[in-house]
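Read off the chains here:
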Amino acid sequence: MKLLSLHISGFGKLTNFDYEFNEKLTVISKENGWGKTTFASFIKAMFYSLPTTRQKNLDNNPRKKYKPWDSVVFGGNLTFEHGSKTYRIERSFGASETEDTFALFDAKTNKSSFDFSSNIGFELFGLNAESFSRTTFVPQLDLKTELTDNISAKLNNLVEDKADLISFNKAKEIIDNTRKIYVKTGERGLLHDKERELEKIEQQQLLLANLENNIEILSKKIKDSDQKIATLEMQEKDINQKINLASTKEKVQLEKDNYKKLENEIKNAKQQLEELNLILKSTPPSNEELSNMKTLIAKERDLESQISSLENDIASLKKDCDLLSDFFNKQPLDESKIQTTLDTFSQLQNHKKNISTNDISISSYSTKSKKTQIAVICVAFAIISIISILFAVSIIGVLPFIISATAIATIAITLLIVFRSSKQNIKFLNNDKIAKDLEQKLISLLDYSYEEELDLSTKVYLLNKNSTEFKELQNQIFEKTQSLNNLKAEHAKINTKTGHFLQFYFPNQQNLDPYDALYKLGAMCFEFKNISSKLNENQKLIETLTNHENSEVSIENIESSEELITQKQTITSQIQNLRREQSQNQTHLSTYLSKAEELDELDAKKSALKNEIEEINHKIKILKHTDSLLDDAKDELDSMFLGPITETFAELANRLSATELEAFRIDTNLNISVDHNGVSKEISFLSRGYQDIAYIISRIACIKAMFKETKPFVVLDDPFVNLDEQKLNLAKNLLKTLSEEYQIVYLVCNNSRS
């Protein structure tokens, strides 16, 4: 079998990486950190996949350790030659094995191949992943090989005939499982169960040893309890008879006492009814009459409240009205005079407004008139000047006519302005006189009581305000007085009704409050009805007791019912305790009698258990002997491959001039020891270099012994790091020799070892 090429899509730090292998010896010399171990692990993963584990340590969790550093496909492919065919394995890895993918192709046709399954490593080499790592896959840090069941089977040529190995392991498993049925750790298993069961039976036998004595004691206790219960029941029966007699006596005496009590109650009730009849006149008011009277009294109280409120309002209004009356000098309100005053004030205001407007007009006209006069004079002067100039330069006859017309026009305009000014002044003087006359009239009308000197406008305002308020107050007093009179009339009517009603029942109580009187009357009516009802009941009840009035009970020396009942309760409690104790004793007696019958059964069980325990111990002995024979047979079988391995080990040790390994021994577990002066020493006593040589040549010896027909490839991940220069050269020559027989993939970080 030979590796041809690989492509790593993503595995650890290696991404999109391709490599082709040499047919015999492939040497990959790269610096530390390049990914040599990752490269070697990829080859193994293509054949054996990656295990799933929850280990957090990266060295123990390859899925986590070799997950690509970049976001690429986790996996790749590997092409190899086996027999006459060439195959290509394609794998991708997920978080767990369930997410993995596997595909196998015929590399020549690129068609899917079903020659091998995803367990292709075991199917090709006959080794599982662990055994592969202990033989043909040689990591740098773990060169030592160990014998596994898988390697043992391969060395003994049992892989081709798996039934033998399966039968051996199955036999060992059956022996171990069967032995665990009988004996387990922690005092468990069938043997311990039977021994505990035997111990329990023996304890039960000890407990049942005194059964006959216990049965006799319990039987006597039950008999004594029966006698005591019978005696107490006779006493209980006698007390019951006494209780009945005492009950009859007490009942008669109670009826007599009740008769006398009822007589007194009837007498008192009749006396109370006579007293109430004096007040109620033998005609107590009905509930409806009392309810109507209560409503009337409530309404009377409400009317009194309304009357009081109206009287207070009227008094307050009259007080306000008296204050305003002082303003009018205690005189009746003269509304015509007030209206005249207001009209006069309105006329005065209008004339003053006209005077103000005229004054502005005259002032404006006077100013305009003066300006006009000046303008006219200037124009006239200008015209005369122009005419004079024209007259001086011309003697034309038309010019004197123009001068005369201009002078006449100037005189006419001046006269018109003077006339209009005089007319405006006359109109202003007339309005001013009217205003003064109105003001004098207004002063004479405003003869009211003003507190201080006020202007006419303020006085007129106060007159108008006070007169309006005075009229409103008088109207309110009038309306409220009418309402008051109506309420008083209604109150008097209701008061008459309530007074007549209450005076009928309380004639000599003039100052009694209506509510108190009504409450008192209602209470007396209620009492009257209750006493009457109670009197009727007592009269009916006393008739039933009349027969016992003179009866006598001739029972002497009988305790009271309470004493007798106490005695009965004591006896009843004693009987209950005795019966409870008797029930418990009977239960124990039944149990003892039942257990007494079990004594013979316990003897039979004890004998049977002893036989079972003896048989189990015999079976355990047979299982131990059988297991020992299987181990001896296995050791005998394993010893068969020691010859070829020992021969190959000696040859390789001699080829490498490993003098320290000349006197070596290899046991059936592939453990190596050396003979030093006649004493067997573990290989760990040798130097690290010799240890590595021993481990490497033992692996090669195993490979030679296991693979006789199909030659596997061998992956070495820098295994010679601890060899000196002389041994390193010999080791490299050894690799070259081995590469003639096996395809070698040698990874190294130092050129000196390549």
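The structure under discussion appears in the preceding block.
Residues numbered from 1 in each chain as written. Predicted model: local features only at pLDDT ≥ 70, side-chain atom pairs only at ≥ 80, totals over all residues. Heavy atoms only, no water.

The number of helices and strands found in the chain is 17 helices and 13 strands. Out of the 754 residues in the chain, the part that is buried amounts to 35%. Residue pairs in contact within the chain that sit at least 24 positions apart in sequence constitute 72% of those at least 6 positions apart. Carbon and sulfur atoms make up 51% of the accessible area of the chain, which amounts to about 46600 Å² in all. (Helix = DSSP H or I, 4+ residues; strand = E, 2+ residues; numbered from the N terminus. Buried < 20%, exposed > 50% of the residue type's maximum accessible area, 1.4 Å probe, protein only. Contact = heavy atoms within 4.5 Å. Areas by Shrake-Rupley, 256 points an atom, 1.4 Å probe, with all protein chains shown as cover.)

Spatial strand order, 2-1-4-5-6-7: six strands in an open sheet with antiparallel pairing. Looking at which strands have only one partner, the edges of the open sheet turn out to be strand 2 (14-20) and strand 7 (111-112). (Pairing = 2+ DSSP bridges.)

Our focus in this paragraph is the pairing of strand 2. Moving residue by residue along a regular strand, the side chains alternate between the two faces of the sheet. In terms of strand pairing, strand 1 (residues 2-11) meets strand 2 through six bridges, oriented antiparallel. Within strand 2, the position partnered with His7 by the bridge is Asp18. Linking strand 1 to strand 2, which pair antiparallel, is a turn of two residues; within it Gly12 sits at a positive phi near 65°.

To continue, consider the packing of aromatic side chains. Taken as a whole and assessed by the stated rule, the structure comprises 23 aromatic pairs. With 5.4 Å between their ring centres and 75° between their planes, Phe11 and Phe42 make a pair best called edge-to-face. Here Phe11 is found in strand 1, whereas its partner Phe42 is found in helix 1 (residues 36-48), with 31 residues between them in sequence. On the basis of relative accessible area, Phe42 is assigned to the buried category, the value being 0%. Their ring planes at 80° and their centres at 5.6 Å tell us that Tyr19 and Phe39 sit as a pair that is edge-to-face. One end of the pair, Tyr19, is in strand 2; the other, Phe39, is in helix 1, and 20 residues separate them in sequence. Residue classification places Phe39 among the buried residues on the basis of a relative accessible area of 0%. Ring pairing ties together the aromatic residues Phe47, Tyr48, Phe80, Tyr87, Phe116, Phe125, Phe132, Phe137 and Phe713, which thus form one cluster. (Phe/Tyr/Trp six-rings, centres within 6.5 Å; stacked < 30°, edge-to-face > 60°.)

We now examine the sheet that holds strand 8 (residues 137-138). Reading across from one edge, 3-13-12-8 is the order of the four strands in this open sheet, with parallel pairing throughout. The open sheet is flanked by strand 3 (25-29) and strand 8, the only strands paired with a single partner. Inspection of the sheet shows strand 3 paired to strand 13 (residues 744-748) by five bridges, in the parallel sense. If you follow Ser29 over to strand 13, its bridge partner there is Val748.

Another point: helix 1. Taking 1.5 Å per residue as the helical rise, helix 1 with its 13 residues ought to reach 18 Å, and the 18 Å between its terminal C-alpha atoms agrees with that figure. Within helix 1, 11 of the 13 residues are buried, leaving the element largely enclosed by the surrounding structure. Just downstream of helix 1 lies Ser49, where phi reads positive at about 60°. (Expected span 1.5 Å × (residues − 1).)

With that settled, consider the nonpolar core. Phe39, Ile43, Phe47, Phe80 and Phe125 are the most contacted members of the largest nonpolar core, which totals 75 residues. A per-element tally of this core places helix 16 (residues 688-706) first, with 12 residues. Residues Leu303, Leu438, Leu456 and Val460 belong to the second largest nonpolar core, which totals 28 residues. (Core = buried A, V, L, I, M, F, W, Y, C linked by side-chain atoms within 4.5 Å.)

Attention shifts here to the pattern of salt bridges. This model, assessed by the stated rule, comprises 18 salt bridges. Residue Asp193 pairs with Arg196 through a salt bridge whose shortest N-O separation is 2.7 Å. Of this pair, Asp193 and Arg196 both sit in helix 7 (residues 190-207), three residues apart, roughly one helical turn. Classification of Asp193 by relative accessible area gives partly exposed; the value is 37%. The partner of Lys242 in a salt bridge is Asp238, with the nearest N and O atoms 3.9 Å apart. Taken together, the positions of Lys242 and Asp238, both in helix 8 (residues 211-280) and four residues apart, correspond to about one turn of that helix. (Salt bridge = Lys/Arg side-chain N within 4 Å of Asp/Glu carboxyl O.)

What follows covers the side chain of Thr136. In this fold, Thr136 is placed in the loop between helix 4 (129-133) and strand 8. Not counting residues up to four positions away in its chain, the partners in contact with Thr136 are Ile703, Phe707, Pro712, Phe713, Val714 and Val715.

The next point concerns the pairing of strand 6 (residues 101-106). When strand 5 (residues 85-92) meets strand 6, the two strands line up antiparallel, connected through six bridges. Across the sheet, the residue bridging to Glu90 is Ala103, located in strand 6. Here two bridges tie strand 6 to strand 7, and the two strands are oriented antiparallel to one another. Across the sheet, residue Phe105 finds its bridge partner in strand 7, namely Ser112. Adjacent in sequence and paired antiparallel, strand 6 and strand 7 are bridged by four residues, among which Asn110 carries a positive phi angle near 60°.

Turning our attention to the environment of Glu97. Looking at the element boundaries, Glu97 is found in the loop between strand 5 and strand 6. Its relative accessible area of 48% is what places Glu97 among the partly exposed residues. The spacing of Glu97 and Arg63 is 34 residues in sequence and 9.7 Å in space, taken between C-alpha atoms. Apart from the residues within four sequence positions on either side, Glu97 is in contact with Leu50, Pro51, Thr52 and Arg63.

This part covers the packing of helix 9 (residues 287-327) against helix 12 (residues 456-505). Running from N to C, helix 9 and helix 12 cross one another at 155°; their axes reach a closest spacing of 7 Å. The orientation of helix 9 relative to helix 12 falls into the category roughly antiparallel. Read as a crossing pair, helix 9 and helix 12 show a hand that is left-handed. Partitioned by chemical class, the residues of the contact of helix 9 with helix 12 number 20 nonpolar, 10 polar and 12 charged. (Axes fitted to C-alpha atoms, helices over the stretch in contact; angles between N-to-C directions. Parallel < 35°, antiparallel > 145°, perpendicular 65-115°, else oblique. Left-handed = near helix turned anticlockwise from the far one by under 90°. Nonpolar A, V, L, I, M, F, W, Y, C, P; charged D, E, K, R; others polar.)

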